[in-house]
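Structure assessment
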Amino acid sequence: MHPLQFLVPLDQLTAVEPIVPHLALALVLANFATRFLAHRSHVRQAEEGGEEAVSRYLPHSITSGAVVLASFLYLLVEPHGGMVLTVLVVGMFVTDFFEFEARKVEARTDKPLERPNGSLVAATLVLLYAAFQSLFFVVSDYWNLIV
């Protein structure tokens, strides 16, 4: 019994169900790439124009939103794994928000911009869990020996 069986349009999700974990992993990797580009952009903006010049990096905002949507989609096709991934992704999303505000404060006080350590840790947790869900077939034999 599927927990969302009463919603008829969700039956069409079974066609994309096998690729959703791989999609989530690909988006998390893209988010890591844009995260580093965003930090480099913020450092450059802070050096050139101070706090007023520091703005959100659009590609990173897009990939962050896409990771959130992919985790919600994974929640529909795999409720348990999707819930864990969604909690981690929402935590990463909130951490990104506060890290950006911290970069603005550092630019305002003329301090050198630090790496966004909190969001890097949160993104690493998301990456590890998305990789576990996506690449489970690699460790499934060992996992079944333990569990």
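If you're wondering where the values come from, they're calculated on a predicted model, not measured in any experiment. (Residues numbered from 1 in each chain as written. Predicted model: local features only at pLDDT ≥ 70, side-chain atom pairs only at ≥ 80, totals over all residues. Heavy atoms only, no water.)

1. A few points about the UniProt feature "transmembrane region" (unreviewed entry) in the protein chain
Mapped onto the present numbering, the UniProt feature "transmembrane region" (unreviewed entry) falls at residues 20-38, 58-77, 83-100 and 120-139. Helix makes up 100% of residues 83-100 and strand 0%, with an end-to-end C-alpha separation of 26 Å. (UniProt positions renumbered as here; feature names shortened; annotations may be inferred. Helix = DSSP H or I, 4+ residues; strand = E, 2+ residues; numbered from the N terminus.)

2. Observations regarding the packing of aromatic side chains
Evaluated as defined, the whole model comprises six aromatic pairs. When the centroid spacing of 5.3 Å and the interplanar angle of 80° are considered together, the rings of F97 and F98 count as edge-to-face. On the accessibility criterion, F97 (41% relative accessible area) is partly exposed. Judged by its relative accessible area of 52%, F98 falls in the exposed class. Arranged with centres 5.4 Å apart and planes meeting at 80°, the rings of F132 and F136 form a pair that is edge-to-face. (Phe/Tyr/Trp six-rings, centres within 6.5 Å; stacked < 30°, edge-to-face > 60°. Buried < 20%, exposed > 50% of the residue type's maximum accessible area, 1.4 Å probe, protein only.)

3. Structural notes on a nonpolar patch on the surface
A cluster of nonpolar side chains, contributed by L135, F137, V138, V139, Y142, W143, L145, I146 and V147, occupies part of the molecular surface with about 1000 Å² of accessible area. Mapped onto the secondary structure, V139 falls in helix α5 (residues 136-146). (Patch = residues over 30% accessible without salt bridge, like charges linked within 9 Å, V, L, I, M, F, W, Y side chains within 5 Å. Areas by Shrake-Rupley, 256 points an atom, 1.4 Å probe, with all protein chains shown as cover. Salt bridge = Lys/Arg side-chain N within 4 Å of Asp/Glu carboxyl O.)

4. Observations concerning the pattern of salt bridges
Under the criterion given, the structure shown has four salt bridges. Its salt-bridge partner being R35, residue D96 comes within 2.5 Å of it at the nearest N-O pair. Pair noted here: D96 is in helix α3 (residues 79-108) and R35 is in helix α1 (residues 20-49), with a separation of 61 residues, a long-range link. You'll find D96 and R35 in the same group, each marked buried. The salt bridge involving E106 is made with R103; its shortest N-O contact spans 3.0 Å. You can see E106 and its partner R103 sitting in helix α3, three residues apart, about one turn around the helix.

5. A closer look at empty space enclosed by the protein
Per the stated rule, a full pass over the model turns up one cavity of 30 Å³ or more. Reported here for the largest cavity is a volume of approximately 30 Å³. Of all the elements in the fold, those that place two or more residues in the lining of the largest cavity are α1 and α4 (117-134). Top element by residues in the lining of the largest cavity is α4. It accounts for three residues. Of the residues contributing to the lining of the largest cavity, the split by class is six nonpolar, one polar and no charged. (1 Å grid on protein atoms, 1.4 Å probe; cavity = no way out; pocket = protein on both sides within 12 Å on 5 of 7 lines; lining within 4 Å. Points joined across faces, edges and corners; volume = space filled by probe spheres on them. Nonpolar A, V, L, I, M, F, W, Y, C, P; charged D, E, K, R; others polar.)

6. Focus: the layout of surface pockets
Counted as a void, the largest pocket has a volume near 310 Å³. If you trace the largest pocket, you find 17 residues lining it, with R56, H60, D96, F97 and F100 closest to the centre. Sorting the residues of the lining of the largest pocket by element identifies α1, α2 (58-77) and α3 as the ones contributing at least two each. Looking at the lining of the largest pocket element by element, the count peaks at six residues for α3. For the lining of the largest pocket, the per-class residue count stands at six nonpolar, six polar and five charged.

7. Thoughts on the environment of Y74
Within the secondary structure, Y74 sits in helix α2. Sequence separation of Y74 and L85 is 11 residues, and the distance between their C-alpha atoms is 8.1 Å. Within the structure, the side chain of Y74 is placed 2.6 Å from the side chain of Q133, a separation counted as a polar contact. (Polar contact = N/O pair within 3.5 Å; in protein donor to acceptor, adjacent residues only side chain to side chain.)

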